[in-house]
Amino acid sequence: MIAFVRGPVAAIGVDSAVVEVGGVGLLVYCDPGTLAGLRPGQEARISTSMVVREDSLTLFGFADDDAKTTFELLQTASGVGPKLAQAALAVLSPDQLRQAVATEDLAVLVKVPGIGKKGAQRIVLELKDKIGAPSKTVTGRPLQAQEAWRDQVHAGLVGLGWSARDAEDAVTAVSPLAADNPNPSVPDLLRAALRVLSKA
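I will try to describe carefully the structure that is included in this document. Keep in mind the model is a prediction, meaning the values are calculated, not measured.

**A few points about helix H6 (residues 117-127)**
In step 1: Those residues of H6 that sit buried are Gly119, Ala120, Ile123, Val124 and Leu127. Angular distribution of buried residues about the axis of H6 spans 135°; they occupy a single face of the element. Exposed side chains of H6 directed beyond 90 degrees from the buried face belong to Lys117, Lys118 and Leu125.
In step 2: As for H6, its buried residues are in contact with helix H2 (65-74), helix H4 (94-102) and helix H5 (106-109).

Structure (structure tokens):
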């Protein structure tokens, strides 16, 4: 089991990064929030979870061990595979997931692409006694989310190779999407910003 990887970031893609470890480039699939914190050429430490299949070994990467632990726990629920677990963490923080499960808030869980009402009910039923309580009271994203998303989306665009000025223009262009939303989704805004840049 590979618990984490550390080394210079060789490349960053839309859903993955390549980290050089001992002269070997390891492909690590990451959510947009994790990718936003990486920079090509700079050393990074990424917590990882290896998913073993008959025909593949896949590394999934996370900004911290809490997200990795939550990713692995989510997969113990029926019908939740690694891609769905990663999608959940792209939309919700570990504490938001814990809060949703603890309070049986299906409306929050179904915000995750691929999770319907029955799937949300199953996750609540099977994980309620395992996932634990949130470390703090959660009301949507953290209080600074309205401003934090700007830095995360900007960093993600620069990490994907766009100039700082192009990234700033794209962030400004998508800011109306977050203006009336107390719980802005960084992955959604990052995708919207990429669409803006692709049309420019």
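**A few points about the side chain of Gln86**
In step 1: Residue placement: Gln86 occurs in helix H3 (residues 82-91).
In step 2: For Gln86, the contacting residues outside a window of four places in its chain are Tyr29, Cys30, Asp31, Phe60 and Phe71.

**Focus on unusual backbone geometry**
In step 1: A positive phi angle, near 55°, is found at Glu104, a position not held by glycine.
In step 2: Residue classification places Glu104 among the partly exposed residues on the basis of a relative accessible area of 46%.

**Here we look at the environment of Arg122**
In step 1: Residue placement: Arg122 occurs in helix H6.
In step 2: Classification of Arg122 by relative accessible area gives partly exposed; the value is 33%.
In step 3: With 44 residues separating them along the chain, Arg122 and Ser78 place their C-alpha atoms 7.1 Å apart.
In step 4: With residues up to four places along the chain from it excluded, the contact list for Arg122 reads Ser78 and Gly79.

**Quick notes on the packing of helix H8 (residues 164-179) against helix H9 (residues 186-199)**
In step 1: Running from N to C, H8 and H9 cross one another at 125°; their axes reach a closest spacing of 9 Å. Comparing the axis directions of H8 and H9 gives the class oblique. The crossing of H8 and H9 is right-handed. For the pair H8 and H9, the contacting residues are Asp166, Ala170, Ala173, Val174, Leu177 and Ala178 in the first and Leu189, Ala192, Ala193, Val196 and Leu197 in the second.

**Some thoughts on the packing of H2 against H3**
In step 1: At a minimum axis separation of 9 Å, H2 and H3 run at an interaxial angle of 135°. When the axis of H2 is compared with that of H3, the two are oblique. As H2 runs across H3, the sense of the crossing is right-handed. Here H2 contributes Ala67, Thr70, Phe71 and Leu74 to the contact with H3, which in turn contributes Pro82, Ala85, Gln86, Ala88 and Leu89.
In step 2: A breakdown of the residues in the contact of H2 with H3 according to their chemical character gives seven nonpolar, two polar and no charged.

Conventions used here
- Residues numbered from 1 in each chain as written.
- Predicted model: local features only at pLDDT ≥ 70, side-chain atom pairs only at ≥ 80, totals over all residues.
- Heavy atoms only, no water.
- Buried < 20%, exposed > 50% of the residue type's maximum accessible area, 1.4 Å probe, protein only.
- Helix = DSSP H or I, 4+ residues; strand = E, 2+ residues; numbered from the N terminus.
- Arc of directions from axis to C-beta.
- Contact = heavy atoms within 4.5 Å.
- Axes fitted to C-alpha atoms, helices over the stretch in contact; angles between N-to-C directions.
- Parallel < 35°, antiparallel > 145°, perpendicular 65-115°, else oblique.
- Left-handed = near helix turned anticlockwise from the far one by under 90°.
- Nonpolar A, V, L, I, M, F, W, Y, C, P; charged D, E, K, R; others polar.

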